[in-house]
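# Overview (structure and organization)
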Amino acid sequence: MEYIIAFVVGGAICIVGQLLFDLTNLTPAHVMSLFVVVGAVLDGFGIYDKFIEFAGAGATVPITSFGHSLLHGAMRQADEHGFIGIAMGIFELTSAGISSAILFGFIVALIFRPKG
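Structural notes, computed from the coordinates. The model shown is predicted, which means the values in this text are computed figures rather than measured ones.

Right, let's get into the side chain of Thr-94. Relative to the elements of secondary structure, Thr-94 occurs in helix α6 (residues 83-112). Exposure remark for Thr-94: the relative accessible area of 3% places this residue in the buried category. A distance of 2.7 Å separates the side chain of Thr-94 from the backbone oxygen of Ile-90, its partner in a polar contact. For Thr-94, the residues in contact, after removing those within four places along its chain, are Phe-66, Ser-69 and Leu-70.

Bringing the packing of aromatic side chains into the picture now. Evaluation of the coordinates by the stated rule reveals one aromatic pair. Taking 5.5 Å as the distance between ring centres and 70° as the angle between the ring planes, the aromatic pair formed by Tyr-48 and Phe-51 counts as edge-to-face. Taken as a pair, Tyr-48 and Phe-51 lie in helix α3 (residues 48-55) at a separation of three residues, close to a single helical turn.

Right, let's get into the environment of His-30. Considering the arrangement of structural elements, one finds His-30 in helix α2 (residues 28-44). When its relative accessible area of 46% is taken as the criterion, His-30 is described as partly exposed. Separated by 16 residues in the primary sequence, His-30 and Gly-46 place their C-alpha atoms 24 Å from one another. A distance of 2.7 Å separates the side chain of His-30 from the side chain of Thr-27, its partner in a polar contact.

On to helix α5 (residues 64-81). In this model, α5 (18 residues) spans 26 Å end to end at C-alpha, consistent with the 26 Å of a helix rising 1.5 Å per residue. Every buried residue of α5 is accounted for by Thr-64, Ser-65, Gly-67, His-68, Ser-69, Gly-73, Ala-74 and Gln-77. Those residues of α5 that are buried are in contact with α1 (2-23), α2, α3, α4 (57-60) and α6.

At a minimum axis distance of 11 Å, the contact between α3 and α5 shows a crossing angle of 135°. For the element pair α3 / α5, the angle class is oblique. Between α3 and α5 lies a crossing of left-handed hand. Along the contact surface, α3 presents Tyr-48, Asp-49 and Ile-52, while α5 presents Thr-64, Ser-65, His-68 and His-72. Taken together, the residues that form the contact of α3 with α5 break down as two nonpolar, four polar and one charged.

Moving on to α1. With 22 residues, α1 should reach 32 Å at 1.5 Å per residue; the first-to-last C-alpha distance of 31 Å fits that figure. Of the surrounding elements, those touching the buried residues of α1 are α2, α3, α4 and α5.

The rules behind the values
- Residue numbers run consecutively from 1 along every chain, following the written order of its sequence.
- Two thresholds apply to this predicted model, a pLDDT of at least 70 for residue-level local features and 80 or more for giving and counting side-chain atom pairs, whereas whole-chain, interface and lining totals are computed over all residues.
- No hydrogens and no water enter the side-chain calculation; it runs on all heavy atoms of the structure.
- Under the scheme used here, helices are H or I runs from DSSP no shorter than 4 residues and strands are E runs no shorter than 2 residues, and both carry numbers assigned from the N terminus.
- Remark: exposure states derive from per-residue accessible area (1.4 Å probe, protein chains only) relative to the maximum for the residue type, with buried under 20%, exposed over 50%, and partly exposed in between.
- Definition of a polar contact: a pair of N or O atoms within 3.5 Å, with one able to donate and the other able to accept a hydrogen when the atoms are protein atoms, and with sequence-neighbouring residues admitted only if both atoms are side-chain atoms.
- The contact criterion used throughout is that any non-hydrogen atoms of two residues lie within 4.5 Å.
- Here is the rule: rings of Phe, Tyr and Trp (six-membered ring for Trp) pair when centre to centre is within 6.5 Å. Planes less than 30 degrees apart are stacked, more than 60 are edge-to-face, and the remainder are tilted.
- Helix span, expected: 1.5 Å multiplied by one less than the number of residues in the helix.
- Axis angles are defined between N-to-C directions and span 0 to 180 degrees, where every axis is a line fitted to C-alpha atoms and, for a helix, only to the segment in contact.
- An angle below 35 degrees is treated as roughly parallel, one above 145 as roughly antiparallel, one from 65 to 115 as roughly perpendicular, and anything else as oblique.
- For a crossing to be left-handed, the near helix must be turned anticlockwise from the far one by less than a right angle; the clockwise case is right-handed.
- Lys, Arg, Asp and Glu make up the charged group, whereas Ala, Val, Leu, Ile, Met, Phe, Trp, Tyr, Cys and Pro make up the nonpolar group; the residues left over, Gly among them, are polar.

See below:
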């Protein structure tokens, strides 16, 4: 049952993104930024952790989880280290994802030789 819930929730997030593309003039960058901000706002109100408990991978895989991780790490480190902890915490939980995106983007660019 966990797999079905994760599939449905992840699919619902994708449907919302597709509807934003189809029904508005938003670009993919706008929608991605919006989802990151929504994830951060939901984490700020303590809602996203409950959402993860319910949906599992359906809530941790989409881009909304990136916003959750950014804010979650920043808030945790801010409690320990003050203002400088915000900058430390932002990269604590998201560094693996950012590094992977850079590495795989570089590898794909070498293989396919992008134009522009």
